Amino acid sequence: MTQFDRDRTQQPAVAVARRERGAPPVPEQTSAMPAFWQDEDAAASADTAVATDLARMFTDIDSIGHDPTRPDTGYHRAAWTREDLALRAWFARECDSLGLDLRVDAAGNQWAWWGTPSPQHPGVTTGSHLDSVPDGGAFDGPLGVLSALAAVRALQAAGVHPARPIGIVNASDEEGARFGIACFGSRVLTGALGPARALVRTDQDGTSLREALDSAGIDTDAYGPDPAALALTAAHVELHVEQGYWLADTHSPVAVATHIWPHGRWRTEVGGVPDHAGTTPMERRDDALLSALAFPRDAHDAALAHGARATVGHLEVLPGGANVIPGHVTLWLDARASEEEALSAVLEDLAPWDPVQESFTPATHFDAQLRARLVAILADVGLGAPEIGTAAGHDAGILQNSGTPTAMLFVRNRTGSSHTPTEFATLSDCVDGVRALTACLGGLAGQSLGPGEGGAS
Ligand code: GLV
Ligand code: MN
Ligand code: MN
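Worth saying up front: this structure is predicted, and the values here are computed from it rather than measured.

Draft legend 1. Structural context of the overall build of the chain. Along its length, the chain carries 16 helices and 13 strands. Its C-alpha atoms give the chain a radius of gyration of 23 Å, near enough to 23 Å, the size a compact globule of 457 residues would have. Seen along its three principal axes, the alpha-carbon backbone of the chain occupies a region of about 75 × 55 × 45 Å. Split into buried and exposed, the 457 residues of the chain put 50% on the buried side.

Now the structure itself:
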């Protein structure tokens, strides 16, 4: 039985009993351990102080957009919702407890600084995101932010005084679950997505990003790229749970990322004629959904034909009444491939559907010099790390493509799955991730980063 099986079978008896009677589970948090880990996992970890810290932080946020008694259920933390704002407030409090100086850049990303960076004395940054896909896992995003907090706490506890400032980012709307474009905050920050296009995007309820930001207290007049904030980073290292199966069956808890596949999102519209579900004879219908359903199949076939990946995971059916024939369907395509040529071939096959590109991220190769430094630092602390690529997108990729020397650390995912509640990393592996990140931050912040400060090769 794997760690994951054990965690999923050992749920609190009281919660299971109540669920069997059909009553909703009652959140009850009795220990500083989220339900997906066990108390004894802390003792089995290489550093019990870090294990306790990570477990406490995951417990703190576990009830935000999630039922903490149900490790088999997902997280709902779309950007700029009540849940996301609760997570941002939690992040601010946590940073305050570490004595960090919290700033919000013009794109709404939170940055917390230990030390005072300037363009002449830029820092080393880390972090990830706290938002999730609908029904997402516990680790995609939060692991990087919580590991960053734990790493800074470990450095402080060890009495380290870094020569260079260290910053932690909570990047806004990485998943793009609400406004349709992934890595929204980092794209706006770096200028890859302009504010005029960004602010008018709407969610499924018709709320615009401008309205969502206004209610969150973000200054929408100033919303846009923030080169001054970007200039404070000399090198960036994002830690993330691995989204894939590469490490699952190896002895390595941690890997260094080499590259990200090119990937993007496209939208296509299919029309029909809305009418009464009962009174319209079957032979007189023009049902938009029936026509639209060929699109996921065509996308699937095109991906298979070109060795790519294609997914249609989001549909909007209008007018959306159970007793109304669908009159219009919007379908979202996510397509990725190891090479841009394969991705283009998929899109060519789908040309009859007239897909409109919503976002695109070219192949990303992380900074070679920074990667080599991480590998060397990890070897020094006895954490031999393989180097692997990924088909998942990350803010780190956007930063790298905008010219900031960037690298990533991946933490082993025991199930290999992601964007689902079955995503799982053991506490012991997460502790090794924090140990790796702590070593990297300590190493990078304690030394010169070379020409141009970032050490870009
Ligand atoms: C983010 O995890 C993505 O790859 O879509
Ligand atoms: Mn992520
Ligand atoms: Mn994700």
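That was the structure; now back to the text.
Draft legend 2. Up close: the nonpolar core. Counting residues in each nonpolar core, the largest one holds 97 residues, and the members touching the most others are Leu-54, Ala-151, Leu-409, Val-434, Leu-437 and Leu-441. The element that contributes the greatest number of residues to this core is helix α16 (residues 427-445), accounting for 11 residues. For Leu-441, the contacting residues outside a window of four places in its chain are Val-124, Thr-126, Ala-151, Leu-155 and Ile-166.

Draft legend 3. Spotlight on helix α4 (residues 48-61). The terminal C-alpha atoms of α4 lie 20 Å apart, and with 14 residues this matches the ideal 20 Å at 1.5 Å per residue to within 8%. All of the buried residues in α4 are Val-50, Ala-51, Asp-53, Leu-54, Ala-55, Met-57, Phe-58 and Ile-61. In this fold, the buried residues of α4 make contact with α3 (39-43), α5 (82-97), α6 (142-157) and α16.

Draft legend 4. Geometry of the site of ligand 1. Taken together, Glu-175, Ala-182, Ala-392 and Gly-393 make up the full set of residues near ligand 1. Across the shell around ligand 1, the residue classes tally to 2 nonpolar, 1 polar and 1 charged.

Draft legend 5. Region of interest: helix α13 (residues 340-349). Listed in full, the buried residues belonging to α13 are Ala-342, Leu-343, Val-346 and Leu-347. Buried residues of α13 fall within an arc of 140 degrees about the axis and therefore sit on the same side. Within α13, the exposed residues directed more than 90 degrees away from the buried face are Glu-341 and Glu-348. Close packing links the buried residues of α13 with α12 (294-306), β8 (309-318) and β9 (328-336).

Draft legend 6. Representation of the domain arrangement of the chain within the structure. By the assigned domains, the chain splits into domain 1 (31-261 + 364-445) and domain 2 (264-361). Taken over C-alpha atoms, the centre of domain 1 sits 32 Å from the centre of domain 2. Contact residues are listed per partner, giving 9 residues for domain 1 and 9 residues for domain 2. Class assignment of the residues belonging to the side of domain 1 that touches domain 2 gives a composition of 4 nonpolar, 5 polar and no charged.

Draft legend 7. Structural detail: the packing of helix α14 (residues 368-380) against α16. In contact at an axis separation of 9 Å, α14 and α16 are set at 115 degrees when each is read in the N-to-C sense. In the packing of α14 onto α16, the handedness of the crossing is right-handed. Taking contact as the criterion, the partners of Arg-373, Leu-374, Ile-377 and Leu-378 in α14 are, on α16, Ala-436, Ala-439, Cys-440, Gly-443 and Leu-444. Its residues assigned to classes, the contact of α14 with α16 comprises 7 nonpolar, 1 polar and 1 charged.

Draft legend 8. The arrangement of the environment of Gly-446 in detail. Looking at where Gly-446 falls in the secondary structure, it is placed in the segment after α16. Taking the C-beta count within 10 Å as the criterion, Gly-446 has 14 such neighbours and is therefore assigned partly exposed. Every residue in contact with Gly-446, bar those within four places of it in the chain, is listed here: Pro-162 and Ala-163.

Draft legend 9. Region of interest: the sheet that holds strand β10 (residues 356-361). Across the sheet, 4 strands lie side by side as β8-β9-β7-β10; this open sheet has antiparallel pairing. Sheet topology places β8 and β10 at the edges, where each strand pairs with a single neighbour. Sheet twist, expressed as the mean angle between neighbouring strand axes with direction ignored, is 15 degrees. Pairing analysis gives 5 bridges linking strand β7 (residues 263-271) to β10, with the strands arranged antiparallel. By the bridge assignment, Gly-264 is partnered in β10 with Phe-360. Running at roughly 170 degrees to β8, α12 makes contact with β7, β8 and β9 of the sheet.

Draft legend 10. Spotlight on the pairing of β9. In terms of strand pairing, β7 meets β9 through 9 bridges, oriented antiparallel. Note that in β9 the partner of Gly-264 across the bridge is Ala-335. Strand direction decides the pairing type here: β8 and β9, joined by 9 bridges, are antiparallel. The residue of β9 that forms the bridge with Arg-309 is Arg-336.

Here is what the cut-offs are and how they apply
- Residues numbered from 1 in each chain as written.
- Chains lettered and ligands numbered in written order.
- Predicted model: local features only at pLDDT ≥ 70, side-chain atom pairs only at ≥ 80, totals over all residues.
- Helix = DSSP H or I, 4+ residues; strand = E, 2+ residues; numbered from the N terminus.
- Rg over C-alpha atoms; globule rule 2.2 N^0.38 Å.
- Buried ≥ 20, exposed ≤ 12 C-beta atoms within 10 Å, placed from the backbone.
- Core = buried A, V, L, I, M, F, W, Y, C linked by C-beta atoms within 7 Å.
- Contact = placed C-beta atoms within 7 Å.
- Expected span 1.5 Å × (residues − 1).
- Near = placed C-beta within 6 Å.
- Nonpolar A, V, L, I, M, F, W, Y, C, P; charged D, E, K, R; others polar.
- Arc of directions from axis to C-beta.
- Domains from an automatic or database assignment.
- Axes fitted to C-alpha atoms, helices over the stretch in contact; angles between N-to-C directions.
- Left-handed = near helix turned anticlockwise from the far one by under 90°.
- Pairing = 2+ DSSP bridges.

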